[in-house]
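# Coordinates in review
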Amino acid sequence: MKESVQTGRRSLKDLASTINIVGPIERSSRMDRPIRGLAKAVRRRIGPGRLRDLLHGVPTGKPLHPPLATFVVGAWAATSVIDLTGTGSRAARTVLTAGLGAALPTVAAGVTDWSVIHREQQRVGFVHAVTNLTAFGLYAASLALRVGGRERASRMLGYAGLGAASLGGFLGGHLAYRQAVGANHADSVTHLVPLGWYDLCSLNDLPDGRPVARRLGYIDLFVLRVDGEVTVLADHCSHLAGPLHQGRLVAEGGAACVVCPWHGSTFRLSDGAVVHGPGTAPQPSFETRIRRDGVIQVRPAQN
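Description of the structure in this document. Bear in mind the structure is a predicted one, so any value in this text is a computation, not a measurement.

### Thoughts on the packing of helix H5 (residues 65-85) against helix H6 (residues 89-114)
- Viewed as axis vectors pointing N to C, H5 and H6 meet at an angle of 155°, and their least axial separation amounts to 8 Å. With respect to H6, the element H5 is oriented roughly antiparallel. Handedness of the H5/H6 crossing: left-handed.
- Grouping the constituent residues of the contact of H5 with H6 by class yields 18 nonpolar, five polar and two charged.

### Focus: the pattern of salt bridges
- Taken as a whole and assessed by the stated rule, the structure comprises nine salt bridges.
- Linking Arg155 and Asp83 is a salt bridge whose minimum nitrogen-to-oxygen distance equals 3.8 Å. Of this pair, Arg155 sits in helix H8 (residues 151-178) while Asp83 sits in helix H5; the two residues are 72 residues apart in sequence, bridging distant segments of the chain.
- Asp83 gets classed as buried once you look at its relative accessible area, which sits at 5%.
- Note that Arg291 and Asp293 form a salt bridge whose closest N and O atoms lie 2.7 Å from each other.
- According to the relative accessible area criterion, Asp293 is exposed, its value standing at 51%.
- Taken together, the shared-partner salt bridges connect Asp83, Arg146 and Arg155 into one network.

### Details of the sheet that holds strand S8 (residues 274-276)
- Pairing is antiparallel in the open sheet, where four strands are placed in the order S5-S6-S7-S8. Strands with a single pairing partner mark the edges of an open sheet, and in this sheet they are strand S5 (248-252) and S8. Neighbour to neighbour, the strand axes of the sheet diverge by 40° on average, direction disregarded.
- Here S5 runs beside strand S6 (residues 255-259); their pairing, made up of five bridges, is antiparallel. Each bridged residue has a counterpart across the sheet, and for Glu252 the counterpart in S6 is Ala255.

### Structural notes on the nonpolar core
- Ranked by size, the top nonpolar core spans 16 residues in total, and within it Leu200, Leu221, Val223 and Val232 carry the most contacts.
- A total of three residues in this core trace back to one element, the largest contributor, which is strand S3 (residues 219-226).
- Once residues within four sequence positions are removed from consideration, Leu221 is found in contact with Leu200, Val212, Ala213, Arg214, Leu216, Val232, Leu233, Ala234, Asp235 and Phe286.

Reading guide: rules and limits
- Residues numbered from 1 in each chain as written.
- Predicted model: local features only at pLDDT ≥ 70, side-chain atom pairs only at ≥ 80, totals over all residues.
- Heavy atoms only, no water.
- Axes fitted to C-alpha atoms, helices over the stretch in contact; angles between N-to-C directions.
- Helix = DSSP H or I, 4+ residues; strand = E, 2+ residues; numbered from the N terminus.
- Parallel < 35°, antiparallel > 145°, perpendicular 65-115°, else oblique.
- Left-handed = near helix turned anticlockwise from the far one by under 90°.
- Nonpolar A, V, L, I, M, F, W, Y, C, P; charged D, E, K, R; others polar.
- Salt bridge = Lys/Arg side-chain N within 4 Å of Asp/Glu carboxyl O.
- Buried < 20%, exposed > 50% of the residue type's maximum accessible area, 1.4 Å probe, protein only.
- Pairing = 2+ DSSP bridges.
- Core = buried A, V, L, I, M, F, W, Y, C linked by side-chain atoms within 4.5 Å.
- Contact = heavy atoms within 4.5 Å.

Below, the structure is given as C-alpha cells:
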C-alpha cells in the first residue's frame, strides 16, 4: 500500500513537471534580444496618444485585449463544433471569417499591452503570440480550402488551429492569472484602510513641490505638497506597481498629473483618474486636511 502511494505521488510529480511548460519559458533569456527589438519597435510605432490609449483600454477602464481574444477563440472553437456535428459548412465559414476578422484588432491590442510589461511576462507573451499567429495561419488556410470546396482538408486544418489556439489560451491564462498582466496592481485601500481620518505626518516634514513616499499602515502613499496644499494617492501604480513618487509631474489638459517611471501610465493628481495608459484602473486617492498643529490627516476618497 505504501509503495502504491509513493508511486502515485511520483506519477503526480512527473505529470506536474510535464504540464509546467511555462516556468522554463519565463526563465529563458534566449528570446530576449528579439523581444527587446520588437517591443521597442511597437512602442515607437504606436506612440503616446489616443490610439495607444484605445488599444490599452483606457476609455473603458478595462484592458481591451482579453474580451477581443475571447471572441476570437470562441468563434474558432465554434467552427470546430460545427465541423464535428456537420451542421452546415456555410455556418462554419461565417463564424470562421468573423474570428479571423476580429483577430486583427485583438493582435493590435495584445501587442500594445505586451510592449510595456516586465521581461518575464514578455517571454511568455512572445510564445503566446507565436502560438496564436500559428492558429491564425491554420484557420486562414482552412478558410481558403473551404472556399475552394475542399471541406475535409479544411476541417483538419481547423482542428489543428484549435489545438494551437488552445495552447495560446493556456499561456494567456498564465499571463493573466499567474503573472497578473492586466490586473489592478494598486493597493486596495477600501479594506486596508477603514473609513475615518488618520494621522500621516507633519506638513513641515514634506518638501515643497517634490513628491515623496509615506506609509499608512500597510499602504505606501504618494504625497505631494505644493505650498499649503497636499495631494495623496496610493503609491503603487495600478499597471504594474511602479513607484509613483519617483515619477515626473506634468500638466495634461490643464490638470496636474504624475507619470509612472516604469511604463509611463499617467494619472490626474486631483482624483487619480487615468489620463494615459498602459494603466487602465484609476489610482486610489485620499482626501486630506491639516490640523491646527500642522499634522496632515488623510482618509480614502469617496469617489
